[in-house]
Every structure is written in structure tokens, then in C-alpha cells.
Amino acid sequence: MSNVAAPVTAPEDTSVMAALRSPRRLKTEVLAGLVVALALIPEAISFSIIAGVDPRVGLFASFTMAVTISIVGGRPAMISAATGAIALVVAPLSREYGLDYLIAAVILGGVLQIVLSVIGVAKLMRFIPRSVMVGFVNALAILIFTSQLPYLLGVPALVYPLVAVGLIVMVFLPKLTRVVPAPLIAIVLLTAATLVFALQVPDVGDEGELPSSLPSLLIPNVPFTLDTLSIIAPFALAIALVGLLESLMTAKLVDDITDSHSNKSREAWGQGVANLVTGFTGGMGGCAMIGQTMINVKVSGARTRISTFLAGTFLLILVVGLGDIVALIPMAALVAVMIMVSVGTFDWHSIHPKTLRRMPKSETLVMVVTVAVTVATHNLAYGVVVGVVTAMVLFARRVAHLTEVVDVAHPDENTRVYKVLGELFFASSNDLIYQFDYIGDPLDIVIDMSESHIWDASTVATLDAITTKYAAKGKTVKIIGLDDSSTERHDRLSGNLGAGH
């Protein structure tokens, strides 16, 4: 019998040098960047319209975000660009005060992101439950699909067969060859078909005018006063928080897909730097784009910073140098790509009947709440926050019922010993006060805490209230068995929390 251990598969090297040394991997990175760049164009234009700014503002933001984050970011192959979430945040500011105030808010938002990264905001990712992550992914898939509906409703009938052909190409071509990414083949084929047969269907050019010049340094023309700060600060904080939340969630998702680890603190810092660069070049700001990231990582197979850098570079070349050609790409081709991304992003296993039967109802509820809020608000950040709060409430409710008080001993006729079992915090300790027999108990009460732990001031206040209730009936309470941290917390807070119950 052989004792030779099975070979261990080393994690894939995501370094730039490893890709440059491998022609096959370099080709994958280059083609992935090109596909992402093509898909970015209509989305950047659409987000510009949402934000109430010229299309070039969104396109330049996508270029500068992608190129900058490819250098300073912490998650290789993740795509950052102008996003719908940021567009929704800045739209009211743009409408009321204009582009200069928007850019000032983006710059301040970048500064806040850098500050938040330094104080360790990325570590908060550990508090996001798996059910929220699943809800985040499923909501994202739904939003990606619904965002394509405007291009599928009220359009010429020829759009539908074009989309169908694109989907067929992307489903079946990878079964034959993966030499060239299927989305790129679909885009080229459908563009060629519309030109050869002179098909009258909506194209990229219909989405807005593409820029003809390079981005340049721009200092926002706003007064450097406290009034200006009071106007832009709330929007800057929203940009920082929404951007970091979406970017860190996307980084975690890519970690899971690629079975690798990213530097979340560096990613948070990189997002701030990217928004600073974007603001000073006249862009509308942005964050990680999960849809484009899925195209890059899951569909095209990219794994390094090269694809992210080239996505931004190709985007600039396409819209500035080859704008006339790019404008001819039918929207049907890009819609087909995004539908495939939506289907591939959705966690179908999470809604399988077997999974739903096995999964605790609270976990399923958290997932559904996350999806519902996200889809209703079209804001992934809102969905995640509400999902986390829901998970916390349900967890506290569940844990609260695990605390128990048992009568363990009667050393003599004047003494009774209780033992408290379980973790004590605000949700579980509030019921603790009702589990003692204040009237029927003897004169001396011992509460053994050796199998419990005090986590907060609410528990100390409850123990004070129990002691007070016994004292009112001429009885004494002795608390024993506290571990070191519980003893320190109890000694520091006991008697200093106001009136008991």
C-alpha cells in the first residue's frame, strides 16, 4: 500500500510578472481587459445620465478609477469604475449645485476613504454573515438583469434575435474553445451582422456623445469656506461609505471565486486614492463594479492587475481614438453579455428546495431581506446594512433563549445556590431578573457564574437589580465564579449604573 501523499495544488500566482512570463495567461488578461472596456462604455454613459452630468464625466471616471486601482488596489483583477450607486449618491448635489461641487465632494470622499482605511474599517468585513453575502450576490444579479430591461422594452423586433444569438454564442462557444473570450466573439459577430445587413437597431452611439479629448487636471471652482464644506460633507461621507462597502464586498466575492486572499485595508486605501485622482481629472467618482468584475474574473478568466489596467486603457483608446467605431456596436450585444453575467452571478444553489429545507429559517430571512431592500432601493449598500442589522437582531433573539438559571445546591437551611448558564448580554440578561424566587428563597443567596460570561453593562445592571431586590427583603447575595474579564467589568460598573429595576 503506497504511503505517497497526494500532491497539493499550489494557489494560482496572481502577480503581474507571472502573467507576463506566460503568453497564454497574458492573452487572457489582454482580451479580458478589452471585453470589460467594451462593456464599461454604455454603463458609464448611463451612470453619467443618472448623476446629471455629461457622459465624458462618467467615462473619464471609469478610465481613471480602473487604471489607478490596478496600481494601488488590494484585490488583483477587480474592476473599479463609475457606478450606479455613486451616481445615485451624487445626483442631488449635481442637480442643485453643479459639477464643481460634485467633484469637490468626490475629492473629499477620497480623503475620507483613506482616513477610514487607516483606522481599520476593512476589518469590519468579518461581521458580515454568509447569508448577507448570498443576498448581496443574488440582489446584484437581479439588478444587473433589470438594468438591461430598458434596452429590451420598446425596441425594434430585431433586437431580440440579436440578443438570442449573442446568448447562444456565449453558452456554447466555450464548450468548443476558450482561446478567445466568448463575450468578445459575440460582440464582434453581432456588430459585423448589423453593419453587413444594415440592421436598424440601437447602438452605443445612441447612448450619448463620446469624448474626443484626453482628461486633464481640474481644480473644482468652489469657495473654500465652511459653507461649502457643509454642503459637500454629507455627500462625501456617503460616497466614502457606499464606495468602501461595495468595494470590500466585491473583493470578498472575488476572493471566494478565485480561492485567494486580498488585502482589504490596501483596497480601501486604494479606493480613496483612485477617487482623489478621478476628482482632480473631472470624474464623477466610483468604486468596485461587481458586474464588470464578474465579466473579468468569472467569464473571461482574468486573475491579475494587468486586466484591470488594460480595461481602463482600452476604454480611453476606444472612446477617444476609436469612438466612431465603438459607437456602431449594437446595444443588443452588450445586453447579451450582461444577461450572461447576471445568470452566472446568481447563487442558484441558495434557492434550491433542498437548500431551503435544510437552511435555518432565520438565515433564509436574512438573505430575502437583503435582496428585497437592495432591489427596492437599487442600492447594494442599503441592502447589506439592513441585512446585517436583521442578522444581528435574529442572532441576539436566538442566543437570548440559551441562558438558564438552575438551582444546584442547598448547603444549609439558610443558603441556596443558583448557577447561571450561558452568555449574558443585553438581550439575554434582561430576562435573568425574573428567574429567581425573591420571596421564597432563604436569607443567603449564592449566584455561581462559573459557566457564564458578562459581556456588557446591561448584565451588570441586571445583577445589581437582583441584589437590590433580595436586599429589599433582608437577604444577601454573593456572586462567585466570575472569570477575569467578567470580574473586571462587574467591579468597575457595579453600583455606578443608576437605579435598579
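Going by the structure above, here's the rest.
Residues numbered from 1 in each chain as written. Predicted model: local features only at pLDDT ≥ 70, side-chain atom pairs only at ≥ 80, totals over all residues. Heavy atoms only, no water.

Draft legend 1. Molecular detail of the overall build of the protein. Within the protein, the regular secondary structure consists of 20 helices and 6 strands. With respect to the three principal axes, the spread of C-alpha positions in the protein is 100 × 75 × 45 Å. Within the span of the protein, comprising 501 residues, buried residues form 52% of the whole. Long-range pairs, those at least 24 residues apart, make up 83% of the contacts in the protein between residues at least 6 apart in sequence. Of the accessible surface of the protein, which amounts to about 23300 Å², a share of 65% is contributed by carbon and sulfur atoms. One finds the centroid of the 32 positive side-chain charges in the protein at a distance of 8 Å from the centroid of its 37 negative side-chain charges. (Helix = DSSP H or I, 4+ residues; strand = E, 2+ residues; numbered from the N terminus. Buried < 20%, exposed > 50% of the residue type's maximum accessible area, 1.4 Å probe, protein only. Contact = heavy atoms within 4.5 Å. Areas by Shrake-Rupley, 256 points an atom, 1.4 Å probe, with all protein chains shown as cover. Lys, Arg positive; Asp, Glu negative; His and termini not counted. Charge placed at Lys NZ, Arg CZ, Asp CG, Glu CD.)

Draft legend 2. The sheet that holds strand β3 (residues 404–409), seen in detail. On the basis of which strands lie adjacent, the open sheet formed by 4 strands has the order β3-β4-β5-β6 and mixed pairing. Strand pairing shows two members of the sheet lacking a second neighbour, β3 and β6 (476–480), which therefore form its edges. Sheet twist, expressed as the average angle between the axes of neighbouring strands with direction ignored, equals 25°. With 9 bridges joining them, strand β4 (residues 415–424) and strand β5 (residues 444–454) adopt parallel strand pairing. Pairing of Y418 across the sheet is with I447, part of β5. Each of β4, β5 and β6 is contacted by helix α19 (residues 457–472), which is oriented at about 170° to β5, the strand it contacts most. In the packing of helix α20 (residues 484–493) onto the sheet, the strands contacted are β5 and β6, and the crossing angle to β5 comes to about 120°. (Pairing = 2+ DSSP bridges. Axes fitted to C-alpha atoms, helices over the stretch in contact; angles between N-to-C directions.)

Draft legend 3. Molecular detail of the packing of aromatic side chains. In total, this model carries 7 aromatic pairs according to the counting rule given. Seen in terms of ring centroids, F425 and F426 are 5.2 Å apart; in terms of plane orientation they differ by 90°. Their pairing is edge-to-face. Judged by its relative accessible area of 12%, F425 falls in the buried class. In this structure F426 comes out as partly exposed when scored by relative accessible area, which is 47%. With a centroid separation of 6.4 Å and an interplanar angle of 80°, the aromatic rings of F436 and Y470 are classed as edge-to-face. (Phe/Tyr/Trp six-rings, centres within 6.5 Å; stacked < 30°, edge-to-face > 60°.)

Draft legend 4. How the structure looks around the packing of helix α6 (residues 130–146) against helix α9 (residues 226–258). Interhelical geometry of α6 versus α9 gives an angle of 100° and a closest axis separation of 11 Å. The pairing of α6 with α9 is recorded here as roughly perpendicular in orientation. Only M249, T250, K252 and L253 of α9 make contact with α6, whose side of the interface consists of M133, F136 and V137. Within the contact of α6 with α9, the residues separate by chemical class into 5 nonpolar, 1 polar and 1 charged. (Parallel < 35°, antiparallel > 145°, perpendicular 65-115°, else oblique. Nonpolar A, V, L, I, M, F, W, Y, C, P; charged D, E, K, R; others polar.)

Draft legend 5. Region of the structure containing the side chain of S486. Its location among the elements puts S486 in helix α20. Taking relative accessible area as the criterion, S486 reaches 0% and is therefore assigned buried. Aside from chain neighbours lying at most four places away, what touches S486 is H453 and I454.

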